[in-house]
Amino acid sequence: MKRPVRLPLLVAVALLATGSVPVAAAHGRVRTPEPLGVTVTAPVSAGNARVGVLVRGGAHYCTASVVHSEGRDLIVTAAHCLSGSAGVAIYFVPGYRGGKAPYGEWAVGRTYVGDGWKGRQDEDSDVAFARVVSRGGEEVEDLVGGNRLVAGRGRSPVGEAVTVVGYPKARETPVWCTNISTAYGGSQQRIECPGYSGGTSGSPWIDAEGRVVGVLGGFQQGGTTDDVSYSVVFGSEAAALYGEATSG
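First, a word on scope: everything that follows refers to the structure included in this document. (Residues numbered from 1 in each chain as written. Predicted model: local features only at pLDDT ≥ 70, side-chain atom pairs only at ≥ 80, totals over all residues. Heavy atoms only, no water.)

### Things to note about the overall build of the protein chain
Along its length, the protein chain carries 3 helices and 16 strands. Within the protein chain, the proportion of its 248 residues that are buried is 51%. Just so you have it, the protein chain exposes about 10000 Å², and 50% of that area is on carbon and sulfur atoms. (Helix = DSSP H or I, 4+ residues; strand = E, 2+ residues; numbered from the N terminus. Buried < 20%, exposed > 50% of the residue type's maximum accessible area, 1.4 Å probe, protein only. Areas by Shrake-Rupley, 256 points an atom, 1.4 Å probe, with all protein chains shown as cover.)

Written out as structure tokens, the structure is:
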């Protein structure tokens, strides 16, 4: 899980001359440019309602988000957020704010973690999916919608603008920040945004079309500083895992 310590796929987005970009235009339809690399409280919006906290033992500890699936019951997060969860009750609370659950609490059911993570906790496999249990015949995606997931197309989002939305454990409201992702090794990406401390693991990385192209995790389970965060690039392994999760 991303540690709260401080140490010394996709459409190209045109940068404005001021060094600003539209903040994930399709994500909540927010079109006002924000400066790159500035973290602020995420506004209440339809898009942000798809992002929520994972709760275990009465406290939120990671972030997850709803992704589109045929079953309309799927969330994506970091694999390390679901490690050791067998037999432990976990709930997903979309749109969580100020201790309130405006869209209810959804029990996490079956989880999907890749062999690379299960076998050796490979940092390049730090992504996971989970299906949440329907409530009264209603699925979570029916209520808040779901973002498309982009994986396995042979092209990474590195060099493009992404918006990361997540919940630090020390806060009761989500934060978001837009910046340009850069490569880290051959299979991961990084972004410089301040304030992404413990609890933001699993936060979705959303492109300008509102699609999920990463989740906060990977290297050092998301990074060892609040100001630089990581994600695996969604390649063939993530695509296969998503296919397994959507097929049930």
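### Concerning the sheet that holds strand β8 (residues 106-113)
Within the closed barrel, the 6 strands sit side by side as β4-β5-β6-β9-β8-β7. Their pairing is antiparallel. When strand polarity is set aside, the average angle formed by the axes of neighbouring strands in this sheet is 45 degrees. Relative to strand β7 (residues 90-94), strand β4 (residues 51-56) is paired through 5 bridges, and the arrangement is antiparallel. Residue pairing in the sheet places V53 in a bridge with V93 of β7. With respect to the sheet, helix α3 (residues 236-247) is in contact with β5 (59-67), β6 (74-77), β8 and β9 (128-132), its orientation differing from that of β9 by roughly 15 degrees. (Pairing = 2+ DSSP bridges. Axes fitted to C-alpha atoms, helices over the stretch in contact; angles between N-to-C directions. Contact = heavy atoms within 4.5 Å.)

### A word on α3
For α3, built from 12 residues, the straight-helix expectation of 16 Å at 1.5 Å per residue is met to within 8% by its first-to-last C-alpha distance of 16 Å. For α3, the set of buried residues is A238, L241, Y242 and A245. On an axial view of α3, the arc spanned by its buried residues comes to 100 degrees, and they lie on one face. In α3, the exposed positions angled more than 90 degrees off the buried face are occupied by S236, A240 and S247. Phi turns positive, to about 80 degrees, at G248, one or two residues after α3. (Expected span 1.5 Å × (residues − 1). Arc of directions from axis to C-beta.)

### Some details on the pattern of salt bridges
With the rule as written, the count across this model stands at 7 salt bridges. Notably, a salt bridge pairs R72 with E141, separated by 3.5 Å at the nearest N-O pair. Of this pair, R72 sits in the loop between β5 and β6 while E141 sits in helix α2 (residues 140-144), placing them 69 residues apart in sequence. Taken together, the shared-partner salt bridges in this structure form one network comprising R72, E141 and D142. (Salt bridge = Lys/Arg side-chain N within 4 Å of Asp/Glu carboxyl O.)

### Details of the pairing of strand β13 (residues 188-192)
Taken together, the 3 bridges between strand β12 (residues 182-184) and β13 define a ladder with antiparallel strand orientation. Note that in β13 the partner of Y184 across the bridge is Q188. With antiparallel pairing between neighbouring strands as the criterion, β12 and β13 make up a hairpin whose turn holds 3 residues, including G185 at a positive phi of roughly 70 degrees. Pairing of β13 with strand β16 (residues 228-232), which is carried by 5 bridges, proceeds in the antiparallel orientation. Each residue of the ladder has a partner; that of I191, found in β16, is S229.

### Regarding the state of the cysteines
Here the structure, examined in full by the defined rule, presents 2 disulfides. The disulfide bridge from C62 ends at C81, spanning 2.2 Å between sulfur atoms. Here the S-S torsion is close to -80 degrees, and the disulfide linking C62 with C81 is therefore left-handed. Here C62 is found in strand β5, whereas its partner C81 is found in the loop between β6 and β7, with 19 residues between them in sequence. (Disulfide = S-S within 2.5 Å.)

### Let's talk about empty space enclosed by the protein
Estimated volume of the second largest cavity: approximately 30 Å³. Together, G114, S125, V127, E237, A238 and L241 line the second largest cavity. Tallied by class, the residues present in the lining of the second largest cavity amount to 3 nonpolar, 2 polar and 1 charged. (1 Å grid on protein atoms, 1.4 Å probe; cavity = no way out; pocket = protein on both sides within 12 Å on 5 of 7 lines; lining within 4 Å. Points joined across faces, edges and corners; volume = space filled by probe spheres on them. Nonpolar A, V, L, I, M, F, W, Y, C, P; charged D, E, K, R; others polar.)

### Describing the packing of aromatic side chains
Considering all chains together, one arrives at 5 aromatic pairs under this definition. Note on Y184 and F219: the rings are 4.9 Å apart at their centroids and 45 degrees apart in plane angle, and the pair reads as tilted. Placement of Y184 in strand β12 and of F219 in the loop between β15 (212-215) and β16 is noted, with a sequence separation of 35 residues between them. Y184 gets classed as partly exposed once you look at its relative accessible area, which sits at 31%. By the ring-pair criterion, three or more aromatic residues cluster together here, those being Y184, F219 and Y230. Over the ring of W106 we find R135, and its NZ or CZ is 4.7 Å from the ring centre. (Phe/Tyr/Trp six-rings, centres within 6.5 Å; stacked < 30°, edge-to-face > 60°. Lys NZ or Arg CZ within 6 Å of the ring centre and 35° of its normal.)

### Overview of the pairing of β15
Relative to β15, strand β14 (residues 204-206) runs antiparallel, the two sharing 3 bridges. Along β15, the bridge assignment pairs P204 with V215. From the end of β14 to the start of β15, which pair antiparallel, there are 5 residues, and G210 there has a positive phi angle of about 80 degrees.

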